[in-house]
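# Secondary and tertiary structure notes
If you want the building blocks of each chain, they are given just below.
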Amino acid sequence: MPDRPDETAAPLLAVRDLDAFYGDIQALFGVSMDVGHGEAVAVIGANGAGKSALLKSIAGLLRARPDAIAFDGAPIGGMPAYAVAGRGIALVPEGRGLFASLSVEENLLIGGQLNRPGPWNLRRIYELFPVLADRRALPSTSLSGGQQQMAALGRALMSNPKLLLCDEISLGLAPIVVRDIYARLPAILSEGISIVLVEQDVVQAQKAARRVYCLQEGRVALSGAAKDLTREQIAAAYFGV
Amino acid sequence: MDWINVILQGVLVGGLYAMFAAGLSLIFGVMRLVNIAHGDLIVLAAYIALVTTQTLGIGPLTSLLVVVPVMAVIGYALQWFVLNRTLGDDLLPPLLVTFGLSVIIQNGLLTLFTADSVKLQAGDIEVATIHLAQGVYVGVLPLLQFVVAVAVIAGLQFIFYRTALGRAFRATADDPAVAQLMGLDNRHVFALAMALSLAVVAIAGVFLAVRANFDPSQGPARLIFGFEAVIIGGLGSLWGTLAGGLVLGVAQAIGAHLDPGWQILAGHIAFLVVLAVRPQGLFPKVRT
């Protein structure tokens, strides 16, 4: 496999031959993926390609075969989501999923309720996203879309995860806001966290990630180092033409 | 002076209704579960208090030290082993299961304790009164009951809005799936909510049992009073629930004063009037 991360150590996350279902509908067919320690990996693909299903399976929101997903060397497939979170995987859900009846700060605090040790705490989150500090006491619903995405990212970081899964953080946001949020990712990676980015914005994904997986109709259609993939290759894998 | 006494009595009884309602409202708020067995659980708590006072030879108020934890444990177990299995997208299964539970509790109590009505004896405190003004008296026990009710509501308010547990309750109520991503096991959160609800039920049950005679068939009427207080006050607001209990208590007291046969009817009429004029309740929770 030419696209293996160049760490000699075992990958932090190893997905092997994963099938996933929404009810009776199969969303993923034998997907395999590796994420190395401290690595950023992007998953791209059209709507309905199975990107969110992949993240939900890893996070424990969709059923999976136990050995289909290994994290830190241990099988976690099919584990309940709260147990997966306890092991150090945080998902920033599509549409942010902030708790509407909680204030901004309460949303962050509940992200940290597992008390996992690590570099992230309220102070660090407010340093990363100063705008949240100004609005800490406001209801989370009063934030703009970009601020909500920052709060959702901050909430996920508060659990001090080893692996951060981000589902379409650019969805519905103005390009300048997206750039602003992506500009914070290096600071997050520098803490040794691995990131899986699910993106529709291919250019943004290629810039932010070292390796890219392209899903098409529930299967990996293309994978490789972000800088090596050509526009033509991606277009072919994306649309299946 | 007569009317002042009547309204005062109504307000003090209203505290008890607010306690009936608070546990009901809490459960509905956290997991959208309508607990039809709520009234029967109040009566169950009253009987547990009866057994406790008789076997340990302690007073009803001291028995709270036993009844509250016992009911909380029952609540946790009930949620964990039974009710959690009924929760889903459909509102009907929990409704049916708690309805069945109501029948089981009533008949179980009937078998164990017969249909004879009983009462907890609290001693001298039952007849003690305070003279407030010319012709205005309040009983010490109803006053204590009211103070406890306000303390219970304030305590629940504190837990809900100032503690990590309350944060978990509100987050799970907002979005159970995302709450799991935060490491919260919904089954445990729901069981804790039911434990808290039945702890409040325990306090309400003991005061109910000291106030008047009770028998195994009384649960459903307590459930109705609880429901009416929740709806009058507005769903999702704890202080509204207290206000709802007071409105119901005062309406019943006024009805009873006009004609003893109108007591219950007057409460229902007040409920219907609020439902017709202000269906969202007096203090609805603002949701954005």
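What you see is a predicted model, and the numbers here were worked out from it, not measured in a lab.

Okay, the overall build of chain B next. Along the backbone of chain B there are 11 helices and 2 strands. Along its sequence from the N terminus, chain B presents helices and strands in the succession α-α-α-α-β-β-α-α-α-α-α-α-α. Its C-alpha atoms give chain B a radius of gyration of 19 Å, near enough to 19 Å, the size a compact globule of 288 residues would have. Across its three principal axes, chain B shows a C-alpha extent of roughly 60 × 50 × 30 Å. Sequence-distant contacts in chain B: of pairs separated by 6 or more residues, those separated by 24 or more amount to 75%.

Right, let's get into the interface of chain A and chain B. Contacts between the two partners involve 23 residues from chain A and, on the opposite side, 15 residues from chain B. Among the elements of the structure, α2 (81–87) and α3 (104–111) of chain A are those that each provide at least two residues to the side of chain A that touches chain B. In the side of chain A that touches chain B, the residues fall into 15 nonpolar, 7 polar and 1 charged.

Attention now goes to the sheet that holds strand β5 (residues 74–75) of chain A. Residues and elements named next belong to chain A. Spatial ordering of the open sheet is given by β2-β1-β4-β5, a layout of 4 strands whose pairing is antiparallel. Every interior strand has two partners, whereas the edge strands, β2 (25–35) and β5, have only one. Pairing analysis gives 7 bridges linking strand β1 (residues 13–22) to β2, with the strands arranged antiparallel. Its bridge partner being in β2, Ala14 is matched across the sheet by Asp34.

Residue and element names in this part refer to chain A. One non-glycine residue, Asp17, lies in the positive phi region at around 55°. Position of Asp17 among the secondary structure elements: in strand β1. By C-beta crowding, Asp17 is classed as exposed, having 12 other C-beta atoms within 10 Å. Even without being glycine, Asp72 reaches a positive phi, approximately 60°. The residue Asp72 is located in the loop between β4 (69–71) and β5 in this model.

A separate point is the sheet that holds strand β10 (residues 219–225) of chain A. Each strand in a sheet pairs with another by means of backbone hydrogen bonds, the pair being arranged parallel or else antiparallel. Residues and elements named next belong to chain A. Here we have 6 strands laid out as an open sheet, ordered β6-β7-β8-β3-β9-β10, and mixed in their pairing. At either margin of the open sheet sits one strand with a lone partner, and together these are β6 (89–92) and β10. Taking the axes of each pair of neighbouring strands and ignoring which way they run, one obtains an average angle of 15° across the sheet. Sheet topology places strand β7 (residues 163–167) next to strand β8 (residues 194–199); 5 bridges connect them, and they run parallel. Across the sheet, Asp167 pairs through a bridge with Val198, a residue of β8. Against the sheet, helix α1 (residues 51–59) makes contact with β3 (40–45), β6, β7, β8 and β9 (211–216), and its axis sits at roughly 150° relative to β7, the strand it touches most. Relative to the sheet, helix α6 (residues 145–157) contacts β6 and β7, its axis offset from that of β6 by approximately 170°.

Let us look at the packing of helix α2 (residues 38–56) of chain B against helix α3 (residues 60–81) of chain B. Residues and elements named next belong to chain B. Direction vectors running N to C along α2 and α3 enclose 125°, while the axes themselves pass 9 Å from each other. The orientation of α2 with respect to α3, classified from their angle, is oblique. Where α2 crosses over α3, the handedness of that crossing is right-handed. Mapping the contact onto sequence places Ala45, Ile48, Ala49, Thr52 and Thr53 in α2 and Pro60, Ser63, Val66, Val67, Val70 and Met71 in α3. Split into classes, the residues belonging to the contact of α2 with α3 amount to 8 nonpolar, 3 polar and no charged.

What follows deals with the nonpolar core. Membership of the largest hydrophobic core comes to 175 residues, with the highest contact counts inside it found for A:Leu165 and B:Ala45. Residue contributions to this core peak at 20 residues, all from helix α8 (residues 186–211) of chain B.

Summarising the element assignment, A:Tyr82 is placed in helix α2. The class for A:Tyr82 is buried, based on 20 C-beta atoms found within 10 Å. Measuring from C-alpha to C-alpha, the distance between A:Tyr82 and A:Leu114 comes to 9.7 Å, with 32 residues separating the pair along the chain. Excluding residues within four positions of it along the chain, A:Tyr82 makes contact with B:Gln180, B:Gly183, B:Leu184 and B:Asp185.

All names here are of chain B. Here helix α1 (residues 2–31) contains 30 residues, and its C-alpha end-to-end distance of 44 Å stays within 8% of the 44 Å for a straight helix at 1.5 Å per residue. Burial analysis of α1 places 22 of its 30 residues in the buried class, which makes it a mostly covered element. Positive phi appears at Arg32, one or two residues downstream of α1, with a value of about 55°.

Let's shift gears to α6(A). Residue and element names in this part refer to chain A. With 13 residues, α6 should reach 18 Å at 1.5 Å per residue; the first-to-last C-alpha distance of 18 Å fits that figure. Of all 13 residues in α6, 12 are buried, a share of seventy percent or more. For α6, every residue scored as buried is listed here: Gly146, Gln147, Gln148, Gln149, Met150, Ala151, Ala152, Leu153, Gly154, Arg155, Ala156 and Leu157.

Residues and elements named next belong to chain A. β8 sits mainly inside the fold: 6 of its 6 residues count as buried. Side chains Ser194, Val196 and Val198 of β8 all project onto a buried face; the interleaved residues Ile195, Leu197 and Glu199 project onto the opposite face, where all are buried too. As defined by bridge partners, β3 adjoins β8 across 5 bridges and the pair is classed as parallel. Note that in β8 the partner of Ile44 across the bridge is Glu199.

Let us look at the confidence of the model for chain A. Within chain A, residue pLDDT values average 92, and 96% of them lie at 70 or more. Between the elements of chain A, mean pLDDT differs from a low of 84, seen in helix α10 (residues 231–239) of chain A, to a high of 97, seen in β6(A).

Time to look at the environment of A:Leu128. Residue and element names in this part refer to chain A. With respect to the secondary-structure elements, Leu128 resides in helix α4 (residues 122–128). Between the C-alpha atom of Leu128 and that of Val178, which follows or precedes it by 50 residues, the distance is 15 Å. Beyond its immediate chain neighbours, meaning those up to four positions away, Leu128 contacts Arg184 and Ala187.

Quick notes on the rules
Residues numbered from 1 in each chain as written. Chains lettered and ligands numbered in written order. Predicted model: local features only at pLDDT ≥ 70, side-chain atom pairs only at ≥ 80, totals over all residues. Helix = DSSP H or I, 4+ residues; strand = E, 2+ residues; numbered from the N terminus. Rg over C-alpha atoms; globule rule 2.2 N^0.38 Å. Contact = placed C-beta atoms within 7 Å. Nonpolar A, V, L, I, M, F, W, Y, C, P; charged D, E, K, R; others polar. Pairing = 2+ DSSP bridges. Buried ≥ 20, exposed ≤ 12 C-beta atoms within 10 Å, placed from the backbone. Axes fitted to C-alpha atoms, helices over the stretch in contact; angles between N-to-C directions. Parallel < 35°, antiparallel > 145°, perpendicular 65-115°, else oblique. Left-handed = near helix turned anticlockwise from the far one by under 90°. Core = buried A, V, L, I, M, F, W, Y, C linked by C-beta atoms within 7 Å. Expected span 1.5 Å × (residues − 1). pLDDT = per-residue confidence, 0-100.

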